[in-house]
Amino acid sequence: MRLRVAAGAPAALKVLAAAGAAAAPVRLVWSGPVERPLAPLSPPWVPSLELDSGTILFSPNAICQFFFLARGEEPTDLTNQWLEWEATELQPAASAALYTQLVHGKKGLEAVEALGKLLAHIEQNLSRRGTAYLAGDTKSVADVVVWGTLFPVLQDETSLPTELQALRTWFQSMTLSEACRKAADSVLMPRALLEFKSYLQKQPPPSLAMQRATSNEPEPSLQEEEGSERALTEEEITAAADAWACGAAGLPKPWQPQKPVLPVEGMRNVLITSALPYVNNVPHLGNIIGCVLSADTFARYCRLRNWNTLYVCGTDEYGTATETKAVEEGLTPQEICNKYNAIHADIYHWFDISFDYFGRTTTPYQTTIAQDIFQRLLARGFLLQDTVEQLRCEDCQRFLADRFVEGTCPFCSYEEARGDQCDKCGKLINAVELKNPQCKLCKGVPVVKPTQHLFLDLPKLEERLEPWLEQSWASGDWTANARYITRSWIRDGLKPRCITRDLKWGTPVPLDGFRDKVFYVWFDAPIGYLSITANYTDQWERWWKNPQQVELYNFMAKDNVPFHSVIFPCSLLGAEDNYTLVNHLIATEYLNYEDGKFSKSRGVGVFGDMAKDTGIPADIWRFYLLYVRPEGQDSAFSWSDLMLKNNSELLNNLGNFINRAGMFVCKFFGGAVPNMVLTLDDKRLLARVTLELRQYHQLLEKVRIRDALRCILSISRHGNQYIQVNEPWKRIKGDEKDRQRASTVTGVAVNMASMLAVLLQPYMPGVSLAIQEQLCIPPDCFVLSHNFTCTLPPGHRVGTVSPLFQKLENDQVEALRKRFGGGQAKQTPPASEPPPAPATVMAPGDPQLIQELTEEVAKQGNHVRQLKANKAEKAQVDMEVAKLLELKKQLALAEGKSPEVPVPKGKRKK
């Protein structure tokens, strides 16, 4: 292999370091800045690798990956995510920073300003995982690539922020490694850097696309720790006061679409789907947050923005999974579908999911539309026939569909892999590739026999798919994992995909020679979006054959991405019927349960039909699932964390503020909103709340649902601090000036509560309605604006104000943890206990609460110190430290202080 690099070129750094780290046998060729590169399309200064076969690699990251692969190191999903992040987020910012250093002569922290959020992202991941390297405890290609991009900018130690301790440790460790040190010494020589600087001076400044307000990054930045308390400008304060003065007249008028909801000329028409849940099982909390709840939150937000919105979903009812379940339960497939469709509908109704229509795929429309798309693909030459080796069970006298077979995965050796996909490594497989296959029906050993099937010619459709993907990625919002998974499919090369199966339960194939077969579920199921809409309205084509007027959002977990980003779009592109294709593909990672996975068979985890038997209201479940929504990486449901978030964020923060604001109106002003005379401090608060409100919009427009929830909690936190500082319960007893101040603070606070009711509606619709009823908020004010306005003017009368949330007790939570930790599969769940009596909402300054929390903090602090003294496992210490920090936050809230926990100087803020 011949590796050509240019001295002084930053891209050469990672390549040389990777070659050294992987001990790659390369012949190094140094080239000058004006020499013609090996690859004709390769820009100057970019390294090239000429393989012995004559193939040339000229992507630095691809070269680095090649070296590690040649050494036998397969990249993990986490490694690939880091490489994707480095290429799309870090490289543009690092290029801009390097340009300011070399061309503009900026030094230190000023030069790396563009890297701030990205450095915080690395710091956050290293600290949270507690590993020495980015993807684990050993160095990977991700470490070399990220280091190579950062080193030219950060080699001056003064450029690296001191508070990013985990990042500094990692960076210094990489820099001191032999491979990286040798690469730096040979590439970044002074004379070569001068030549590179001369080259840069002739180029335009790099544009930094990432400087937009928000983006779908792999990991949200440390939003709560950076910039939320920046100084306000006079213009912002004045604008906020002016908007406030406009009152309800400054709000857009709420718009109600006619039924059925159809696209409207001149409006933003938003079509939302959530992945169709399999009808044959009960969804657990991870299924609910991954699809329907995330989509519901966004749909509610869209409606509050007066966007013309249709949200459809339904049960996926055809295929092997249904036949398997029918055999297990001794029912017909249709009976299974009827039973579980009703269970799904009941669960989603309890979770307050606001479908415009929840349907199913076993309908005549499904057959008509699926067969029409099939016929159009056939007529245009996008289908192939081929003989397939398939497993046949001679005892059952049938070819076995994928889900009727289990065996050992040929990739990771997982012993319970299905015949279509391995649940452990996630790779798609053919059933005949399984080792030790077994028929799920009779437990016999199947044999391989030939059978004829039809295939979607994906290689032929690829030339249509790729331009569409580039356009959709450029104009839409796809989550980082959706882009990565799709790119990996394209990179590996598309292959013909079988679309038929030897089953009875499915959409029949309308072609002679194949009429005894049905369509494979992953050709058929996404068409369910269309057929479900057709069952909602006979004008369904106005949504699904109208890409000029309709924006399509698909919500799903990451395992469904390739079917929505490659296979289904190829089917619609090949049909050539002006179908609406996805503009925004929103995929979550996985939600785990405590320290493991949900398992219905083992009775581990909370499933949708069990949640209502816990005595915890649906809105609390919604809040917590959205609070821990797995955006960017897997997250976990935790009973302890649920209790802490309920008692701190909901009870002591949000509920406390809204209850106090309403109670002050009732207690001090006879139930009528008092007159307000705004001071400069009040106007500053209006401006601060407006900033949070606009951040809420920016995040939700990018479908950053979890992060937007923090904006709501931040607003209520500002409200609690505002009340605590001004003490209206004391001022109301003072002179006229004090009484006027109490009047103003109460009026502003209750208007903040009114706005919070609207912001909460996508997340906690029941709580939002309760606030609306308690404060008698006019329906015309239930619409989202970008400005904080006075919607409850002086004289507006509120209703009866009562606590919104109940305290979760430790005994109650421990009982639920035990119940859902593996016991409910073996016993009938006990009758649901009545919910606990509403806890008194304790205001900041409550001496009883402060005393209790002070004692708990001291007790937990002693416990942590004891664990450290005994040199306990790091994971155990970290868990107990997290509990201590949460208790300190609660104590700060109770004392009316900022919830941020003070940290010693020089230490990183957690």
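All of these numbers come straight from a predicted model, not from anything done at the bench.

### Looking at the overall build of the protein chain
Thought 1: If you tally the helices and strands in the protein chain, you get 31 helices and 20 strands.
Thought 2: Carbon together with sulfur atoms contributes 52% to the accessible area of the protein chain, which is approximately 38,700 Å² in total.

### Topic: the environment of tyrosine 590
Thought 1: Along the chain, tyrosine 590 falls in the loop between β18 (584–588) and β19 (591–593).
Thought 2: For tyrosine 590, a relative accessible area of 34% corresponds to the partly exposed category.
Thought 3: Contacts of tyrosine 590, omitting those with residues within four sequence positions, involve Ala557, Lys558, Asp559, Pro630, Asp634 and Ser635.

### Some words on the nonpolar core
Thought 1: Core analysis: the biggest nonpolar cluster contains 185 residues, and Ile272, Ile373, Trp639, Tyr696 and Tyr763 have the highest contact counts within it.
Thought 2: Among all residues touching isoleucine 373, those that are not within four sequence positions of it are Phe523, Ile527, Leu530, Ser571, Leu572, Ala575 and Tyr579.
Thought 3: If you look at the next biggest cluster of nonpolar residues, it comprises 53 residues, including Val15, Ala17, Ala97 and Val146.

### Topic: unusual backbone geometry
It is generally the case that most residues other than glycine have a negative phi and that most peptide bonds are trans.
Thought 1: Note the cis peptide between lysine 259 and proline 260, where omega equals -5°.
Thought 2: Considering the arrangement of structural elements, one finds proline 260 in the loop between α10 (234–246) and β5 (269–274).
Thought 3: At asparagine 306, a position not held by glycine, the phi torsion is positive, near 65°.
Thought 4: Examined against the element boundaries, asparagine 306 turns out to sit in the loop between α11 (285–304) and β6 (308–315).
Thought 5: A positive phi angle, close to 70°, is found at lysine 443, a residue other than glycine.
Thought 6: Structurally, lysine 443 is set in the loop between β12 (435–439) and β13 (447–456).

### Notes on the packing of aromatic side chains
Thought 1: Under the counting rule described, the total for this entry stands at 35 aromatic pairs.
Thought 2: A centroid spacing of 5.4 Å and a plane angle of 70° characterise the contact between tyrosine 318 and tryptophan 505, whose relative ring orientation is edge-to-face. Linking tyrosine 318 in the loop between β6 and α12 (320–329) with tryptophan 505 in the loop between β15 (500–501) and β16 (518–519), this pair joins segments that are 187 residues apart in sequence. Across the pair, tryptophan 505 and tyrosine 318 agree in class, each one buried.
Thought 3: Pairing phenylalanine 519 with phenylalanine 523 gives two aromatic rings, centres 5.0 Å apart and planes at 50°, and the pair type is tilted.
Thought 4: Phenylalanine 519 sits in the buried class, given a relative accessible area of 4%.
Thought 5: An aromatic cluster of three or more residues is present, and its members are Tyr593, Phe598, Phe607, Trp621, Tyr624, Phe637, Trp639 and Phe820.

### A few points about the pairing of strand β8 (residues 383–393)
Thought 1: Strand direction decides the pairing type here: β8 and β13, joined by ten bridges, are antiparallel. By the bridge assignment for β13, arginine 392 is matched with valine 447.
Thought 2: When β8 meets strand β9 (residues 398–399), the two strands line up antiparallel, connected through two bridges. Residue arginine 392 lies in a different strand from β9, and its bridge partner there is phenylalanine 399.

### Some remarks on the environment of lysine 139
Thought 1: Along the chain, lysine 139 turns up in the loop between α5 (116–129) and α6 (141–154).
Thought 2: Separated by 35 residues in the primary sequence, lysine 139 and methionine 174 place their C-alpha atoms 8.9 Å from one another.
Thought 3: When sequence neighbours within four positions are dropped, the list of residues in contact with lysine 139 reads Glu73, Tyr133, Val144, Met174 and Ser177.

Cut-off values and rules
- Residues numbered from 1 in each chain as written.
- Predicted model: local features only at pLDDT ≥ 70, side-chain atom pairs only at ≥ 80, totals over all residues.
- Heavy atoms only, no water.
- Helix = DSSP H or I, 4+ residues; strand = E, 2+ residues; numbered from the N terminus.
- Areas by Shrake-Rupley, 256 points an atom, 1.4 Å probe, with all protein chains shown as cover.
- Buried < 20%, exposed > 50% of the residue type's maximum accessible area, 1.4 Å probe, protein only.
- Contact = heavy atoms within 4.5 Å.
- Core = buried A, V, L, I, M, F, W, Y, C linked by side-chain atoms within 4.5 Å.
- Phe/Tyr/Trp six-rings, centres within 6.5 Å; stacked < 30°, edge-to-face > 60°.
- Pairing = 2+ DSSP bridges.

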